[in-house]
Amino acid sequence: MNTEVKKTMIGGFVVTALILCTIAVFVFGSGDFFKKTNSYVLFFEDSIKGLSKGAPVSLSGVEVGFVKEIRLVADIDKMTTYVPVIIEVNPSSWTTVGTDDSKTEKEKIENLVRKGLRAKLELQSVVTGKYMISIDFYPDEPILYKQIMPDMLEIPTIRGKLNKMADNLGKLPFDELFSAILSAVESIDRIVSSQQTTELFSGLNKAI
């Protein structure tokens, strides 16, 4: 009787171990659990309407991460609000070449920022109006930090193309342009309606 109980217990342990191994393969098999990722914070001047959690983050056109979290920070002293966008980037998505003297992640990001690393919003789909985050090098753009969350590494941002176009359109002197067009139309109307023009068309008609 004791032998049968022992066999049953051993069998139970074996089955349990197999189940745990199977679960471990499914959970850890992809390697995501042990994958090292880096988180950064971004502050956009543009409206982030259309940007949602899980939106892709690309570096030079290659997807390297996603939007992890979108927060809201209220500054009571300045009576304003900030919307920090936290992204998670997988450093194994790319391979580096050359020498890098950076000893820490902070030094590495600061060095890349000095060389022009910036983030901006890009339209992911015209149909859905969804946005994504694009990171690339723009050495001519100024370095603008918000420094609202000093505990996180911040990547400076620049304005997207659509918002720059809207800014440029907003600077156009529409009133002056409209007045100039209206004046031109009135001048053409006076010329067409003048007696000389009427006589000219009459003479051409007789000649024809």
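All chains use their own residue numbering, which begins from 1 and follows the written sequence. Confidence filtering applies because this is a predicted model: local features only for residues at pLDDT of at least 70, side-chain atom pairs given and counted only at 80 or more, and all residues used for totals across whole chains, interfaces and linings. Side-chain descriptors were evaluated using all non-hydrogen atoms of the structure, hydrogens and water having been removed beforehand.

S.K.: Even after reading the chapter, I still don't get the overall build of the protein, so can you show me in this structure?
M.R.: The helix count covers DSSP runs of H or I at least four residues long, the strand count covers runs of E at least two residues long, and both are numbered beginning at the N terminus. A tally of regular secondary structure across the protein gives five helices and nine strands. Start at the N end of the protein and walk to the C end: the helices and strands fall as α-β-β-β-β-β-β-α-β-β-β-α-α-α. Taking all 208 residues of the protein together, 23% fall into the buried category. Each accessible area value is a Shrake-Rupley result obtained with a 1.4 Å probe; residue values ignore everything except the protein chains displayed when judging cover. A total of about 15400 Å² of accessible surface is found on the protein, and carbon and sulfur atoms cover 61% of it. Note on exposure labels: buried denotes an accessible area under 20% of the residue type's maximum, exposed denotes more than 50%, and partly exposed covers the range between, all computed with a 1.4 Å probe on protein chains only.

S.K.: Please explain the side chain of N38 as it appears in this structure.
M.R.: Tracing the chain through its elements places N38 in strand 1 (residues 38-43). Judged by its relative accessible area of 12%, N38 is buried. Two N or O atoms count as a polar contact when they lie within 3.5 Å, although within protein this holds only if one can serve as hydrogen donor and the other as acceptor, and sequence-adjacent residues are included solely when both atoms are side-chain atoms. Here the side chain of N38 touches Y40 through a polar contact of 3.4 Å, side chain to side chain.

S.K.: How do you make sense of the side chain of E88 when you look at a structure like this?
M.R.: Looking at the secondary structure, you find E88 in strand 6 (residues 84-89). Polar contacts involving the side chain of E88 include one to the side chain of T37, which spans 3.5 Å. Those residues within four positions of E88 in sequence are excluded, and the remaining contacts are T37, N38, S39, V64, G65, F66 and K68. Contacts are residue-level and defined by heavy atoms, with any inter-residue pair within 4.5 Å sufficient.

S.K.: Can you walk me through the environment of V85 in this structure?
M.R.: Looking at where V85 falls in the secondary structure, it is placed in strand 6. In this structure the C-alpha to C-alpha distance between V85 and L72, which are 13 residues apart in sequence, comes to 9.0 Å. When neighbours within four sequence positions are excluded, V85 is seen to be in contact with Y40, V41, L42, F44, I48, L51, V67, E69, I70 and I133.

S.K.: Looking at this structure, how should I read the pairing of strand 7 (residues 117-123)?
M.R.: Walk down a regular strand and you will see the side chains alternate between the two sheet faces. The buried count for strand 7 comes to five of seven residues, which makes it a mostly enclosed element. Any two strands with at least two DSSP bridges between them are considered paired. Examined bridge by bridge, strand 7 and strand 8 (residues 131-137) share seven bridges and lie antiparallel to one another. Bridged to E122 within strand 8 is M132.

S.K.: I would appreciate a short explanation of the nonpolar core in the present structure.
M.R.: L51, V67, V85, I87, I133 and I135 are the most contacted members of the largest nonpolar core, which has 21 residues in total. Sequence-distant contacts of I133, that is, excluding residues within four places in its chain, are made with L42, F44, L51, P56, V57, S58, V67, V85, I87, A119, K120 and L121. For this analysis, a nonpolar core means a set of buried residues of the types Ala, Val, Leu, Ile, Met, Phe, Trp, Tyr and Cys, connected via side-chain atoms within 4.5 Å. Of all hydrophobic cores here, the second largest spans six residues; its members include F43, Y82, I86 and M152.

S.K.: Hey, could you run me through the confidence of the model for the protein in this one?
M.R.: Fine structural detail should not be taken from predicted coordinates in areas where pLDDT scores are low. The pLDDT value tells you how sure the predictor is about a given residue, anywhere from 0 up to 100. Summarising the model, the protein shows a mean pLDDT of 79, and 69% of its residues fall at 70 or more. Contacts for the low-pLDDT stretch residues 27-31, under 50 throughout, to residues beyond four places or in other chains number three contacts. Predicted confidence for residues 166-170 stays below pLDDT 50, and this span has two contacts to residues more than four positions away or in other chains.

S.K.: So what exactly am I meant to see when it comes to a nonpolar patch on the surface here?
M.R.: There is a patch of nonpolar side chains on the surface, built from I70, L72 and V83 and spanning about 240 Å² of accessible area. Within the secondary structure layout, V83 lies in the loop between strand 5 (80-82) and strand 6. A patch consists of residues exposed above 30% relative accessible area that lack any salt bridge, with like charges linked at up to 9 Å and nonpolar side chains (Val, Leu, Ile, Met, Phe, Trp, Tyr) linked at up to 5 Å. By salt bridge we mean one thing: a side-chain nitrogen of Lys or Arg within 4 Å of a carboxyl oxygen of Asp or Glu.

S.K.: How should the layout of surface pockets be read in this particular structure?
M.R.: Once rolled over the atoms, a probe with the size of a water molecule shows which space is left empty. Points on a 1 Å grid over protein atoms alone make up a cavity when a 1.4 Å probe fits among them but cannot get out, and a pocket when they form an open set with protein on both sides within 12 Å along at least five of seven lines; lining residues each have an atom within 4 Å of a point. Grid points are joined across faces, edges and corners, and a volume is the space filled by probe spheres set on the points. In this structure, the largest pocket encloses a volume near 660 Å³. Surrounding the largest pocket, 25 residues form its lining, W94, T96, D100, K108 and L112 being those nearest its centre. Sorting the residues of the lining of the largest pocket by element identifies strand 1, helix 2 (105-114) and strand 8 as the ones contributing at least two each. No other element matches helix 2, which puts five residues into the lining of the largest pocket. Of the residues assigned to the lining of the largest pocket, the class counts are 13 nonpolar, seven polar and five charged. Residue type decides the class: Asp, Glu, Lys and Arg count as charged, Ala, Val, Leu, Ile, Met, Phe, Trp, Tyr, Cys and Pro as nonpolar, and the leftover types, Gly among them, as polar.

S.K.: When you look at the sheet that holds strand 8 in this model, what are you seeing that I'm missing?
M.R.: Two pairing modes exist for strands in a sheet, parallel and antiparallel, and in both the strands are linked by backbone hydrogen bonds. Reading across the sheet, the seven strands line up as 7-8-2-3-6-1-9 and stay open at both edges, with mixed pairing between neighbours. The outermost strands of the open sheet, each flanked by one partner alone, are strand 7 and strand 9 (153-154). Bridge analysis of strand 2 (residues 56-59) against strand 3 (residues 62-70) gives four bridges, and the strand direction is antiparallel. Each residue of the ladder has a partner; that of P56, found in strand 3, is F66.

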